[in-house]
Amino acid sequence: MERDINHYLSEGYSVDEVLASVLHSIRENYLTKVAIESSIGNTICFQGRLQRTRPFIAAFEQRLNKPIHVSRYCHLTGALG
């Protein structure tokens, strides 16, 4: 059963808890449906506007146990190569 964010807030979860669960959900979805986790190397670079969101990067670093490099210009770069 899917529930929206307001439901969890009304159940007493803090905004930080709800936002953390959203970030972890996005991370798991990406690692399940887009990337092959076993083929991710030791040097990881993210680009795009969302990458300026530090908690988003931290969620990936926590799961992969590897540092993720983000250019200060990530919001301006397109696909490399």
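Now for a quick tour of the structure. Every residue gets a number counted from 1 within its own chain, in the order that chain's sequence is written. This being a predicted model, a pLDDT of at least 70 is required before a residue's local features are given, and a value of 80 or more before pairs of side-chain atoms are given or counted; all residues contribute to the totals for chains, interfaces and linings. Excluding hydrogens and water, the side-chain figures rest on all heavy atoms present in the structure.

1. Let's talk about the packing of aromatic side chains
Aromatic pairs are defined between Phe, Tyr and Trp rings, using the six-membered ring for Trp, whenever the two ring centres lie within 6.5 Å; interplanar angles under 30 degrees are classed as stacked, those over 60 as edge-to-face, and all others as tilted. Within this structure, the stated rule accounts for four aromatic pairs. For the ring pair Tyr8 and Tyr13, a centre distance of 5.9 Å and an interplane angle of 70° mean the geometry is edge-to-face. Only protein chains enter the accessibility calculation, which uses a 1.4 Å probe; a residue is then buried when its area is under 20% of its type maximum, exposed when over 50%, and partly exposed in between. With a relative accessible area of 33%, Tyr8 lands in the partly exposed category. Classification of Tyr13 as partly exposed rests on a relative accessible area of 46%. When the centroid spacing of 5.8 Å and the interplanar angle of 75° are considered together, the rings of Tyr30 and Phe60 count as edge-to-face. Here Phe60 lies in helix 3 (residues 54-64) and Tyr30 lies in helix 2 (residues 15-33), a separation of 30 residues in the sequence. Secondary structure elements follow DSSP: runs of H or I of four or more residues count as helices, runs of E of two or more count as strands, with numbering from the N terminus.

2. Some remarks on unusual backbone geometry
For Asn65, which is not a glycine, the phi torsion comes out positive at approximately 55°. Examined against the element boundaries, Asn65 turns out to sit in the loop between helix 3 and strand 2 (68-70). With a relative accessible area of 70%, Asn65 lands in the exposed category.

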